[in-house]
Amino acid sequence: MKGQIYTLFGQKALVKVGDNLIECSLKGSMRKNSVLVGDYVELDEQNRIFKIEKRTSCFSRPSVANVDYVNIVIAPIPKPDFLVVDKMLISIFAGGSKPIICVNKCDIERMEISSRYADVVDKIFYLSSLTGENLSELKEFLKNKTVAFAGQSAVGKTSLINALLGVNHKVGDLSEKIMRGKNTTTYCFVHENDGIKVVDTPGFTALEVNGISAKNLKDYYPEFKDNSCYYSDCVHIAEPYCDVKEKVKNEEINKDRYENYLTIYNELKDKG
Ligand SMILES: Nc1nc2c(ncn2[C@@H]2O[C@H](COP(=O)(O)OP(=O)(O)OP(=O)(O)O)[C@@H](O)[C@H]2O)c(=O)[nH]1
Ligand SMILES: [Zn+2]
């Protein structure tokens, strides 16, 4: 049997197989740290996990696998910090996942970000979790996908998640029973409704840049790829004949994105 891990606790996992959540253990040969929430796994007849399928994406903080999209939520209020957004994007690409951006609270103001991010993220949604504007487009897009939410406090992540999952987002009696009384400090759970799977973990809200060197930072900027820089390892800062710098000058690459790149580059360099 095959399924996906919805949560882990102690030596056990809840695995969604078809419509059922099954309590599973790890087969002796598998180390506890080898499985992550989100993993697609195979079970033997005793409901023991004996195989993990190759991950499409993987994050270590929080520990979660196979997140198809990370949804960065921003809003006119509180005002976005685009340096933080750019750092989140780097972490998302580094984890092998794909970013989308939801510009929430469009009932207050429709904050235009396309010139900055249209070439960077898979999709931008302008919506309002309050009025429901464009919510159906987001729902349609996330069908049969696993998504995690990131974004600063009070932008409306919880409101959006509730709107997506509706009132029936509890994963059922079995999980409630099993989770009761467990230590949930490292709480990470997949909630599902209408085929949309939301990874519920507080750790995602403030993704930080980790484990990336200044030299490699450029690899996490999709708009820097396909360049004709003279040096193949050009970091697009001080090198001559740099195509990326040329594109910034010609406004083919967003200048604010490039300036934040320089800031993050210098931060990483100082870190060593
Ligand atoms: N006008 C307007 N207000 C909204 C909208 N979505 C959320 N809010 C309000 O914004 C505030 C914050 O919403 P939350 O959903 O709690 O935000 P959050 O991002 O989950 O916040 P944290 O839990 O602190 O991370 C609440 O007062 C919501 O009612 C929206 O689309 N329009
Ligand atoms: Zn260059």
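Worth saying up front: this structure is predicted, and the values here are computed from it rather than measured. (Residues numbered from 1 in each chain as written. Chains lettered and ligands numbered in written order. Predicted model: local features only at pLDDT ≥ 70, side-chain atom pairs only at ≥ 80, totals over all residues. Heavy atoms only, no water.)

Re the sheet that holds strand E2 (residues 12–17)
Read once around its circumference, the closed barrel built from five strands follows the order E1-E2-E3-E5-E4, with strand pairing classed as mixed. Put simply, the sheet's adjacent strands are angled 55° from each other on average, direction ignored. (Pairing = 2+ DSSP bridges. Helix = DSSP H or I, 4+ residues; strand = E, 2+ residues; numbered from the N terminus. Axes fitted to C-alpha atoms, helices over the stretch in contact; angles between N-to-C directions.)

Remarks on the site of ligand 1
Near ligand 1 lie 15 residues; those nearest to it are Asp 107, Ser 129, Ser 153, Thr 158 and Ser 159. In this structure, Gly 156 approaches ligand 1 through a main-chain N or O atom, which is 3.0 Å from an oxygen atom. Contacts to ligand 1 include Ser 159, whose side-chain N or O atom sits 2.6 Å from an oxygen atom. Look at ligand 1: alone it shows 660 Å² of surface, and the protein chains cover 64% of it. (Near = heavy atom within 4 Å. Polar contact = N/O pair within 3.5 Å; in protein donor to acceptor, adjacent residues only side chain to side chain. Areas by Shrake-Rupley, 256 points an atom, 1.4 Å probe, with all protein chains shown as cover.)

A short note on the confidence of the model for the protein chain
On average, residues of the protein chain carry a pLDDT of 90, and 92% of them reach 70 or more. Throughout residues 168–174 the model reports pLDDT below 50, and contacts reaching past four residues in sequence, or to other chains, amount to eleven contacts. (pLDDT = per-residue confidence, 0-100. Contact = heavy atoms within 4.5 Å.)

Section: the sheet that holds strand E9 (residues 98–103)
The strand order across the open sheet built from six strands is E10-E9-E8-E11-E13-E12, with neighbouring strands paired in mixed fashion. A strand with exactly one partner marks an edge of an open sheet, and here the two such strands are strand E10 (123–126) and strand E12 (189–193). Neighbour-to-neighbour, the strand axes of this sheet turn through a mean angle of 30°, independent of strand direction. Pairing of strand E8 (residues 69–74) with E9, which is carried by six bridges, proceeds in the parallel orientation.

A look at the layout of surface pockets
To find the voids left in a structure, one rolls a probe of water-molecule size over its atoms. Within this model, the second largest pocket holds a volume of roughly 270 Å³. If you go around the second largest pocket, you meet 14 residues; those closest to its centre are Phe 59, Ser 60, Arg 61, Glu 208 and Asn 210. For the lining of the second largest pocket, the secondary structure elements donating two or more residues are strand E6 (58–59) and helix H1 (82–94). Residue composition of the lining of the second largest pocket, grouped by class: seven nonpolar, five polar and two charged. (1 Å grid on protein atoms, 1.4 Å probe; cavity = no way out; pocket = protein on both sides within 12 Å on 5 of 7 lines; lining within 4 Å. Points joined across faces, edges and corners; volume = space filled by probe spheres on them. Nonpolar A, V, L, I, M, F, W, Y, C, P; charged D, E, K, R; others polar.)

A closer look at the coordination of the zinc ion (ligand 2)
Note on the zinc ion (ligand 2): its protein donors are Cys 229 (SG), Cys 234 (SG), His 236 (ND1) and Cys 242 (SG). The metal-donor distances range over 2.2 to 2.4 Å. Its four donor atoms give the zinc ion (ligand 2) angles of 100 to 117° at the centre, a pattern that matches the tetrahedral case. The sequence pattern formed by the donor residues of the zinc ion (ligand 2) is C-x4-C-x1-H-x5-C. In this pair, Cys 229 sits in the loop between strand E13 (196–200) and helix H6 (243–249) while Cys 242 sits in the loop between E13 and H6, placing the two residues 13 residues apart along the sequence. With relative accessibility at 11%, the residue Cys 229 sits in the buried group. (Donors = N, O, S within 2.8 Å, 3.2 Å for Na, K, Ca; no water. Tetrahedral: all angles 85-135°; square planar, octahedral: opposite > 155°, others 65-115°. Buried < 20%, exposed > 50% of the residue type's maximum accessible area, 1.4 Å probe, protein only.)

Focus on the environment of Arg 116
Tracing the chain through its elements places Arg 116 in helix H2 (residues 114–117). Along the primary structure Arg 116 and Glu 267 are separated by 151 residues, whereas in three dimensions their C-alpha atoms are 22 Å apart. If we ignore the near neighbours within four places in the chain, the residues touching Arg 116 are Phe 82, Asp 86, Asn 254, Asp 256, Arg 257 and Asn 260. Side-chain polar atoms of Arg 116 contact the side chain of Tyr 117, separated by 3.4 Å.

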